[in-house]
Amino acid sequence: PSEASRYLPASRELPALAAAAKECRACPLHERASRTVFGEGPATAQVMLVGEQPGDTEDREGRPFLGPAGQLLDEVLEQVGLRREALYVTNAVKHFGWTGEGREVLACKAWLEAEVSAVKPRMIVCLGATASQAFLGPGFRINLSRGQVFETPWAKAWMATFHPSALLRMPDERSRAETRAHFEADLRKVAETLR
Ligand code: URA
């Protein structure tokens, strides 16, 4: 079982989970991170977006996807007509990691599973390989399955797409534009699923 499972509270509602996650010491990341960045959004959200791990902006502010990747995400969400406030947004790993600290996806997995159980989203959208593999294991290949909707034990509809940071890192303008178009198309599909 995930190391974090011993930090799970008796109540599995989101506020109790978020409070308990503040005290999580299941992996070494808590030692140097400023705070736990738990997921946020309504318990009734139909869509759960799962990123990788908070960056330094999120570490400072305590909320997921606020930095450059979050701004790009917000822009594309707005373009496809998804309201971020209506989504549950979280990360596979809840603490910021300094370079070389690793990602601790397995240690943290109990939190992600508890969030899925509390929200019961109709659709889970994983941003990037780390989030996808947190659910489906290291064999999952995002470049083969990106944009496809699967039924999984966690949600009737489950999709992997690009991580916005991957777009930001692309030096070549043409590949960046192409990747962004795919990212947008994937999120448009999410918006349509909800209609
Ligand atoms: N990248 C992520 O994967 N998650 C965040 O919250 C911010 C950046």
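In case you missed it, the structure is sitting above this.
Computed from a predicted model, the values in this text were never measured in an experiment.

### As for the packing of helix α1 (residues 14-21) against helix α4 (residues 105-119)
In a packed pair of helices, the relevant descriptors are the angle between the two axes and the axis-to-axis distance. Where α1 contacts α4, the axes come no closer than 10 Å and their chain directions differ by 165 degrees. Here α4 runs roughly antiparallel to α1, going by the angle between their axes. Judged by the twist between their axes, the crossing of α1 over α4 is left-handed. Contacts between α1 and α4 involve L14, L17 and A21 from the first element and W111, A114, E115 and A118 from the second.

### Quick notes on the site of the ligand
In the neighbourhood of the ligand, 13 residues make up the surrounding shell, with G51, E52, G55, P64 and A69 lying closest. Its residues assigned to classes, the shell around the ligand comprises 4 nonpolar, 7 polar and 2 charged.

### Re the sheet that holds strand β5 (residues 157-161)
The strand order across the open sheet built from 5 strands is β2-β1-β3-β5-β4, with neighbouring strands paired in mixed fashion. At either margin of the open sheet sits one strand with a lone partner, and together these are β2 (88-91) and β4 (149-150). Pairing analysis gives 4 bridges linking strand β1 (residues 47-51) to β2, with the strands arranged parallel. Opposite M48, over in β2, you have Y88 as the bridge partner. Along the sheet, helix α5 (residues 129-136) contacts β1, β3 (123-127) and β5; its crossing angle with β3, the most-contacted strand, is approximately 130 degrees. Each of β1, β3 and β5 is contacted by helix α8 (residues 173-193), which is oriented at about 165 degrees to β5, the strand it contacts most.

### Describing the environment of R103
Here R103 is to be found in the loop between β2 and α4. Linking R103 and Q53, residues 50 residues apart in sequence, is a C-alpha distance of 7.6 Å. Contacts of R103, omitting those with residues within four sequence positions, involve Q53, V93, G97 and T130.

### Topic: the packing of helix α3 (residues 68-80) against α8
Two elements in contact, α3 and α8, have axes separated by 9 Å at closest approach and are oriented at 55 degrees. One element, α3, and the other, α8, form an angle in the oblique class. Of the two elements, α3 crosses α8, and the hand of that crossing is right-handed. Counted together, V76, L77, Q79 and V80 of α3 and F183, E184, L187, R188 and A191 of α8 form the full contact between these two elements.

Rules used throughout
Residues numbered from 1 in each chain as written. Predicted model: local features only at pLDDT ≥ 70, side-chain atom pairs only at ≥ 80, totals over all residues. Axes fitted to C-alpha atoms, helices over the stretch in contact; angles between N-to-C directions. Helix = DSSP H or I, 4+ residues; strand = E, 2+ residues; numbered from the N terminus. Parallel < 35°, antiparallel > 145°, perpendicular 65-115°, else oblique. Left-handed = near helix turned anticlockwise from the far one by under 90°. Contact = placed C-beta atoms within 7 Å. Near = placed C-beta within 6 Å. Nonpolar A, V, L, I, M, F, W, Y, C, P; charged D, E, K, R; others polar. Pairing = 2+ DSSP bridges.

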